[in-house]
Amino acid sequence: MPLPSLVPKDRVFFDLFSEAGQNTVRAARLLKDMLEKWPDSSHLAQEILLAEQEGDRITHTLIKRLNSTFVTPLDGEDIYGLATQLDDIVDHIEETADFMGLYRIEAPMEQALQMADVLVLSCEQVSGALEHLRGFKGLEPYWIEIHRLENDGDRLYRDAVASLFANGIDPMFVIRWRDIFLRLERAVDATESVAHILEGIVIKNA
């Protein structure tokens, strides 16, 4: 009796990762647009929340399928790690958008706009890598660029936090913006965590 084909299972996992990657790009672009046009763009927080909910749905589907599939195209640990890190990216984006409203931010700081730019670029690299994940080839340029962008994000975060303490700014302003910068930095860090997992996957499947 022939063994059942694994192709349908492969397709489902890889297609879900592709969806998750595209969702990170959508959320990051919405956040960038929101920051650039703030405060007139506060309505975009709802769109970002919908992207976060879509990320939750994809993550739930991936983990449910992982738990119900005997043979998977990737190590279970890698599937779980990718799913949760991709979900974290969008979670941190949604938290950033939420804080903009909760803290009644009057205008975005320039460093936040720059970090949002880095985040969009990094999410685009994540999405591109996940589109090519099925063949385990051609991923290296993506993770190299993600690492470079994460370094840029770290530098921007340090500069942003330093600027908050440089000129005797109101303590509440410092606290609010430090929270926002931290969420942006965590979102960028999560893209690098995805890159590390992708590197490991390629090594295992070389």
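None of these values were measured; they are calculated from a predicted model.

Peer 1: Can you help me understand the packing of helix 2 (residues 44-68) against helix 3 (residues 76-102) in this one?
Peer 2: The packing of two helices is summarised by the inter-axis angle and the distance between the axes. Packing of helix 2 against helix 3 leaves a shortest axis separation of 9 Å and a crossing angle of 165 degrees. By the criterion of interaxial angle, the relationship of helix 2 to helix 3 is roughly antiparallel. Here helix 2 and helix 3 pass one another in a crossing that is left-handed. On the side of helix 2, the interface is formed by Ile48, Leu49, Ala51, Glu52, Gly55, Asp56, Thr59, Leu62, Ile63 and Leu66, while helix 3 contributes Gly76, Ile79, Tyr80, Ala83, Asp87, Val90, Asp91, Ile93, Glu94 and Ala97. When its residues are assigned to classes, the contact of helix 2 with helix 3 shows 12 nonpolar, 3 polar and 5 charged.

Peer 1: Teacher, can you tell me more about the confidence of the model for the chain here?
Peer 2: Caution applies to low-pLDDT parts of the model: their predicted coordinates are not meant to be read in detail. Averaged over all residues, the pLDDT of the chain equals 91, while 95% of them reach at least 70. Per-element averaging of pLDDT across the chain places helix 1 (residues 7-36) at the bottom with 90 and helix 4 (residues 110-131) at the top with 97. For the stretch residues 1-7, pLDDT sits under 50, and the model shows 1 contact to residues farther than four places along the chain or on other chains.

Peer 1: Any chance you could explain unusual backbone geometry here in plain terms?
Peer 2: Comment: phi is negative for the bulk of residues other than glycine, and the bulk of peptide bonds are trans. Cis peptide bonds are those with omega within 30 degrees of zero, and the linkage from Trp38 to Pro39 qualifies with 10 degrees. Here Pro39 lies in the loop between helix 1 and helix 2. Residues other than glycine seldom take positive phi values, yet Arg104 does so here, at roughly 50 degrees. Of note, Arg104 is situated in the loop between helix 3 and helix 4. Judged by its relative accessible area of 73%, Arg104 is exposed. Phi at Phe136 is positive, roughly 60 degrees, even though this residue is not glycine.

Peer 1: Help me out: how do you make sense of empty space enclosed by the protein in this one?
Peer 2: Sizing a probe to match a water molecule and rolling it over the atoms shows the empty space that remains. This structure, assessed with the given rule, holds 1 cavity of 30 Å³ or more. Within this model, the largest cavity holds a volume of roughly 50 Å³. Lining the largest cavity are Ala20, Asn23, Gly55, Ile58, Thr59, Leu62, Ala83, Leu86, Asp87 and Val90. Going through the elements one at a time, helix 1, helix 2 and helix 3 are the ones with two or more residues in the lining of the largest cavity. Tallied by class, the residues present in the lining of the largest cavity amount to 6 nonpolar, 3 polar and 1 charged.

Peer 1: What is the right way to read the pattern of salt bridges from this model?
Peer 2: By the definition in use, this model includes 14 salt bridges. Where Glu95 meets Arg183, a salt bridge forms, and the shortest distance between an N and an O atom there is 3.4 Å. Separated by 88 residues along the polypeptide, Glu95 in helix 3 and Arg183 in helix 6 (residues 171-204) bring together distant segments of the chain. For Arg183, a relative accessible area of 15% corresponds to the buried category. Residues participating in the shared-partner salt-bridge network are Glu19, Glu54 and Arg57.

Peer 1: Explanation requested: the packing of aromatic side chains in the structure shown.
Peer 2: Geometrically, a pair of aromatic rings is defined through the distance of the ring centres and the angle of the planes. Per the counting criterion, the structure on display carries 3 aromatic pairs. Taking 6.3 Å as the distance between ring centres and 70 degrees as the angle between the ring planes, the aromatic pair formed by Phe14 and Phe136 counts as edge-to-face. Taken together, the positions of Phe14 in helix 1 and Phe136 in the loop between helix 4 and helix 5 (140-164) put the pair 122 residues apart, joining distant regions of the chain. On the accessibility criterion, Phe14 (4% relative accessible area) is buried. For Phe136, a relative accessible area of 19% puts it in the buried group. Each ring, one from Trp177 and one from Phe181, has its centre 5.3 Å from the other, and the planes form 35 degrees; the classification is tilted. One end of the pair, Trp177, and the other, Phe181, are both in helix 6, 4 residues apart, so they sit about a helical turn from each other. Relative accessible area serves as the criterion here: at 1%, Trp177 is assigned to the buried category. Under the relative-accessibility criterion, Phe181 is labelled buried at 0%.

Basis of the calculations
Residues numbered from 1 in each chain as written. Predicted model: local features only at pLDDT ≥ 70, side-chain atom pairs only at ≥ 80, totals over all residues. Heavy atoms only, no water. Axes fitted to C-alpha atoms, helices over the stretch in contact; angles between N-to-C directions. Helix = DSSP H or I, 4+ residues; strand = E, 2+ residues; numbered from the N terminus. Parallel < 35°, antiparallel > 145°, perpendicular 65-115°, else oblique. Left-handed = near helix turned anticlockwise from the far one by under 90°. Contact = heavy atoms within 4.5 Å. Nonpolar A, V, L, I, M, F, W, Y, C, P; charged D, E, K, R; others polar. pLDDT = per-residue confidence, 0-100. Buried < 20%, exposed > 50% of the residue type's maximum accessible area, 1.4 Å probe, protein only. 1 Å grid on protein atoms, 1.4 Å probe; cavity = no way out; pocket = protein on both sides within 12 Å on 5 of 7 lines; lining within 4 Å. Points joined across faces, edges and corners; volume = space filled by probe spheres on them. Salt bridge = Lys/Arg side-chain N within 4 Å of Asp/Glu carboxyl O. Phe/Tyr/Trp six-rings, centres within 6.5 Å; stacked < 30°, edge-to-face > 60°.

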